[in-house]
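Letter by letter, the chains look like this.
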Amino acid sequence: MSPALVVFLVIGTIAVASSILVVAMRNPVHSALFLLLTFLCVAILFVMKGAEFVGAVQVLVYAGGIMVLFLFVVMLINVRHLPDERVLSNFWKGGLLVGLAVFLLFFTMVRPGVFHDPVASDQALRTTYTYRHRKVHQPDGTVVRKLIRRGKVVGNSEAVGMALYTDYLVPFEVASLFLLVAMIGAIVIGKRELSAIEEENIPAYMLERSETEHEVKEAMSA
Amino acid sequence: MHGIDWVDVGLSVLKIAIVLGAMLNVTPIMVWVERRGSALIQDRPGPNRVGPFGLFQSFADAFKFILKEDMLPAKANKILYTIAPMFGLIPALTTIAVVPWGRPFTLPGGRLFEPIIANVNIGILLIFALASMGVYGIVMAGWASANKYSLFGGIRASAQMISYELSLTLAAVSVLLAAGSLSLTDVVWRQTGSFVLFNVIKLPAWNIFSPAMWMAFIVFFVSGFAETNRMPFDFAEADAELVAGYHTEYSSMKFALFFMSEYMAMATMSALVTTLFLGGWDIPWYTEPATWVGFALSVLSFVTKVSIILFIFVWVRWTIPRLKYDLLMKLGWKVFLPMAVVNIVIVALFIARGWL
């Protein structure tokens, strides 16, 4: 058994166990912290596969950004007032069904693979491809334009960048647009209308805010 | 790739020992500098009884920390309360691993000695990833203490760190764009040498002197204060409002760990500012020879720069009062974030025109 396999087994076990504990824990803060542990383990698995860029981004974005926001919200809820007698919700049968269906879906879709040491796939993860049309002389004397793909071994981050900004540019931009829409939506939902009494008593800087809110709403309805 | 033999392992252990030793000693030295520095600024003597110039005051403090009773609040979450200080310390200790602290030179065996623990090609990403974990120590401590002031400190810390992390990272992006690499070694090598400004002054080719990147320097430096929870932005502890914030309930060595991680995070931030904007180990107007002499001189240069930045940290703490919380958010989102983004565009323009 290679050392990499041992690390994989240990980290993989921790990742699976902590992701189960995320839903099994009663205290939401504990759930959030186990989710953090899951993210960190997944990041280690990425690094083991030679994708250190994705691993670092995983920690930076999920563990460092999103999870902090989760904790922020969870800590603001007063945990002591949550009812904690009930273990299962009313919908547990449906939830079990959906969970089983999703598991089956993943089980059939994900290719079963064989564990191999990280070095084997290293080259492919570091390669960027450039496409170029070339005139190619056929054996029968005709000249054909052919698309030639040329690979160049560079760093991990360069490879990810090239893939994102060439082959997957449209999905990438669409995803960023979705995020922008979600952000604007959250801002619009988060701002509330003020009553007449409130509007008289609030300080000036809050009025400025409600004015911009009206402007945004008018712009959205137009 | 050549294989790894015992000499490589020994060199790595040596490098780790040097950096770890330096990082662990930052805290007592900085505590002394802070107390004497504040005394200097406030025109009073400061600690001057224990040892020469009060130098051993920090050791006396350390003994006091170890000997004090370790209290555990009755309603605290015991596990999280205990691991929170460790969670705060680990990111502060490990981020320094990818910062180069001297010029590489060839050892007598023909082997290249690189004064950096881990020369990974995603260096800066690794630093930001680990630094973003630093907030968990504070948040966990604040929540596990079962104290309203602590909880407020933790919530403030998480909001503040998320806000300023953005401008910090975007400010670093300008530098990385100019260097064309995520590796901090490349960033430093690009800043060696000098350039002539307006045919008059010969300046070192540091990023801070570059007309494209001084704005990024301001954003990065000030956001660094916010990320390390230092004075104009120390809302996580804000002693006038929150008693002591997230570490109100902590005592003895657990409190000392928070103390240590604050100063280590400060040292890491200073090393980062030095590496990204002040040329790292580069000595201005001088080309270091590629021998151990050049190595020693470059390490000295690096340590000097870091020390100066660390002193500025202390200086600012005792000079500038704490901001209001809404001003902090306004500054982060409405001033620094646009500044950092504009700076990226400027750097991109400079690169497109071939000026960088």
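Owing to the predicted nature of the structure, the values given are computational and were not obtained by experimental measurement.

1. With respect to the overall build of chain A
If you tally the helices and strands in chain A, you get nine helices and two strands. Mapped in sequence order, the helices and strands of chain A form the string α-α-α-α-α-β-β-α-α-α-α. Residue burial in chain A is summarised as follows: out of 222 residues, 20% are buried. A fraction of 53% describes how many contacts in chain A between residues 6 or more apart in sequence connect residues 24 or more apart.

2. Overview of the overall build of chain B
If you tally the helices and strands in chain B, you get 11 helices and four strands. For 356 residues, the compact-globule estimate of 2.2 N^0.38 gives 21 Å, and chain B sits close to it at 21 Å. The dimensions of chain B, computed from C-alpha atoms along their principal axes, are 65 × 50 × 45 Å. Every one of the 356 residues in chain B was classed for burial, and the buried ones make up 53%. Sequence-distant contacts, at least 24 apart, represent 76% of the contacts inside chain B between residues at least 6 apart. Element-wise, carbon and sulfur atoms account for 72% of the exposed surface of chain B, whose accessible area totals about 16400 Å². Side-chain charges of chain B comprise 24 positive and 20 negative groups, with the mean position of each set lying 4 Å from the other.

3. What to know about the pattern of salt bridges
All names here are of chain B. The final tally for this structure, using the stated rule, is three salt bridges over all chains. The partner of R317 in a salt bridge is E34, with the nearest N and O atoms 2.9 Å apart. Placement of the pair is R317 in helix α10 (residues 292-317) and E34 in helix α1 (residues 6-41), with a sequence separation of 283 residues. Since its relative accessible area comes to 29%, R317 is described here as partly exposed. Owing to a relative accessible area of 4%, E34 belongs among the buried residues under this scheme.

4. Structural notes on the packing of helix α2 (residues 28-48) of chain A against helix α3 (residues 52-76) of chain A
Residues and elements named next belong to chain A. α3 packs onto α2 with a crossing angle of 175° between their chain directions and a minimal axis gap of 8 Å. With respect to α3, the element α2 is oriented roughly antiparallel. Of the residues in α3, those in contact with P28, V29, A32, L33, L35, L36, F39, L40, V42, A43, F46 and V47 of α2 are E52, V54, G55, Q58, V59, Y62, A63, M67, F70, L71, V74 and M75.

5. Concerning the pairing of strand β3 (residues 194-197) of chain B
Here β3(B) runs beside strand β4 (residues 201-204) of chain B; their pairing, made up of four bridges, is antiparallel. Across the sheet, B:L197 pairs through a bridge with B:I201, a residue of β4(B).

6. Observations concerning unusual backbone geometry
Residues and elements named next belong to chain B. Even without being glycine, D43 reaches a positive phi, approximately 60°. On the secondary structure map, D43 appears in the loop between α1 and α2 (57-67). Judged by its relative accessible area of 73%, D43 falls in the exposed class.

7. Concerning the packing of aromatic side chains
One pair of aromatic rings is described through two measures. These are the centre distance and the angle between the planes. For the structure on display, the rule yields 26 aromatic pairs over all chains. Geometrically, the ring pair formed by A:F39 and A:Y62 is tilted, given 5.2 Å between the ring centres and 45° between the ring planes. Of this pair, A:F39 sits in helix α2 while A:Y62 sits in helix α3, and the two are 23 residues apart along the sequence. In this structure A:F39 comes out as buried when scored by relative accessible area, which is 16%. Between B:W189 and B:W281, the ring centres sit 5.2 Å apart and the planes meet at 80°, which makes this aromatic pair edge-to-face. Placement of B:W189 in helix α6 (residues 184-190) and of B:W281 in the loop between α9 (252-277) and α10 is noted, with a sequence separation of 92 residues between them. Since its relative accessible area comes to 1%, B:W281 is described here as buried. Put simply, the rings of B:F217, B:F220, B:F221, B:F225, B:F277 and B:F313 pair up and form one aromatic cluster. The cationic tip of B:K15 hangs over the ring face of B:F113; the distance from NZ or CZ to the ring centre is 5.4 Å.

8. Here's the deal with helix α4 (residues 92-109) of chain A
Over its 18 residues, α4(A) extends 25 Å from the first C-alpha to the last, a length consistent with the 26 Å expected when each residue adds 1.5 Å. Counted residue by residue, α4(A) has zero buried out of 18 residues, so it is predominantly exposed.

9. Observations regarding the interface of chain A and chain B
Contacts between the two partners involve 26 residues from chain A and, on the opposite side, 23 residues from chain B. Those elements giving two or more residues to the side of chain A that touches chain B turn out to be α2, α3 and α6 (156-167) of chain A. Of all the elements, α3(A) adds the most residues to the side of chain A that touches chain B, at 16 residues.

10. Here we look at the confidence of the model for chain A
Predicted confidence across chain A gives a mean pLDDT of 78, with 70% of residues reaching 70 or more. When the elements of chain A are averaged for pLDDT, helix α5 (residues 122-125) of chain A gives the smallest value, 60, and helix α7 (residues 169-190) of chain A the largest, 90.

11. A short note on the environment of B:A179
Here B:A179 shows up in helix α5 (residues 148-179). Among all residues touching B:A179, those that are not within four sequence positions of it are B:V187 and B:R190.

12. A closer look at a nonpolar patch on the surface
All names here are of chain B. A cluster of nonpolar residues, V50, F53, L55, F56, F59, F63, I66, L67 and M253, forms a patch on the protein surface that exposes about 950 Å² of accessible area. When residues in the nonpolar patch are grouped by element, the largest group, four residues, is from α2. By relative accessible area, M253 is classed as partly exposed at 36%.

About the criteria used
- Residues numbered from 1 in each chain as written.
- Chains lettered and ligands numbered in written order.
- Predicted model: local features only at pLDDT ≥ 70, side-chain atom pairs only at ≥ 80, totals over all residues.
- Heavy atoms only, no water.
- Helix = DSSP H or I, 4+ residues; strand = E, 2+ residues; numbered from the N terminus.
- Buried < 20%, exposed > 50% of the residue type's maximum accessible area, 1.4 Å probe, protein only.
- Contact = heavy atoms within 4.5 Å.
- Rg over C-alpha atoms; globule rule 2.2 N^0.38 Å.
- Areas by Shrake-Rupley, 256 points an atom, 1.4 Å probe, with all protein chains shown as cover.
- Lys, Arg positive; Asp, Glu negative; His and termini not counted.
- Charge placed at Lys NZ, Arg CZ, Asp CG, Glu CD.
- Salt bridge = Lys/Arg side-chain N within 4 Å of Asp/Glu carboxyl O.
- Axes fitted to C-alpha atoms, helices over the stretch in contact; angles between N-to-C directions.
- Parallel < 35°, antiparallel > 145°, perpendicular 65-115°, else oblique.
- Pairing = 2+ DSSP bridges.
- Phe/Tyr/Trp six-rings, centres within 6.5 Å; stacked < 30°, edge-to-face > 60°.
- Lys NZ or Arg CZ within 6 Å of the ring centre and 35° of its normal.
- Expected span 1.5 Å × (residues − 1).
- pLDDT = per-residue confidence, 0-100.
- Patch = residues over 30% accessible without salt bridge, like charges linked within 9 Å, V, L, I, M, F, W, Y side chains within 5 Å.

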